[in-house]
Amino acid sequence: MTPLVIHEEARRERLHVKRTMRDPSAGDRFDAALREVFDRIKEGPNQFPEHALLVVPMAAGPLFVAVRRAVLPKPFPYVVFFYMRERTAVVLAIAHGKRRPGYWSERR
């Protein structure tokens, strides 16, 4: 099982999505769908397609890591962007699939 860490900004995004849903039960369903996606990431992060390369500055020079995307099931139009760092999945963003593409790309 792969450990999973959620970036602080992604935690805030998760709460924001839940707060903005009109129906409180939709927030619970969103959380359940998100937990399922997190469980799938933990089981096998490489099952998700690569979306972009992220440049991570290192003392020995830049390191390029593949950012992967996991799509939440309908009716939730959200995507989880994550990358692997030392055998740990790092969730960068929980983003709407059609809004502000790439806004999370400066996160590490």
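Here's a quick rundown of the structure. Keep in mind that what you see is a predicted model, and the values were worked out from it rather than measured. (Residues numbered from 1 in each chain as written. Predicted model: local features only at pLDDT ≥ 70, side-chain atom pairs only at ≥ 80, totals over all residues. Heavy atoms only, no water.)

**Some points on the sheet that holds strand β4 (residues 78-85)**
Then, in step 1: Reading across from one edge, β1-β5-β4-β3-β2 is the order of the five strands in this open sheet, with mixed pairing throughout. Strands with a single pairing partner mark the edges of an open sheet, and in this sheet they are β1 (4-6) and β2 (50-56). When strand polarity is set aside, the average angle formed by the axes of neighbouring strands in this sheet is 35 degrees.
Then, in step 2: Two elements, β1 and strand β5 (residues 88-96), share three bridges in a ladder whose sense is parallel. Counterpart to Val5 in the pairing with β5 is Val90. (Pairing = 2+ DSSP bridges. Helix = DSSP H or I, 4+ residues; strand = E, 2+ residues; numbered from the N terminus. Axes fitted to C-alpha atoms, helices over the stretch in contact; angles between N-to-C directions.)

**Here we look at the side chain of Glu13**
Then, in step 1: Counting through the fold element by element, Glu13 comes out in helix α1 (residues 8-20).
Then, in step 2: Residue class for Glu13 comes out buried when judged on its relative accessible area of 13%.
Then, in step 3: Residue contacts for Glu13: discarding those within four places in its chain leaves Ala93, Ile94, Tyr103 and Arg107. (Buried < 20%, exposed > 50% of the residue type's maximum accessible area, 1.4 Å probe, protein only. Contact = heavy atoms within 4.5 Å.)

**Here's the deal with a nonpolar patch on the surface**
Then, in step 1: A cluster of nonpolar side chains, contributed by Leu53, Val55 and Phe64, occupies part of the molecular surface with about 300 Å² of accessible area.
Then, in step 2: By secondary structure assignment, the location of Val55 is in strand β2. (Patch = residues over 30% accessible without salt bridge, like charges linked within 9 Å, V, L, I, M, F, W, Y side chains within 5 Å. Areas by Shrake-Rupley, 256 points an atom, 1.4 Å probe, with all protein chains shown as cover. Salt bridge = Lys/Arg side-chain N within 4 Å of Asp/Glu carboxyl O.)

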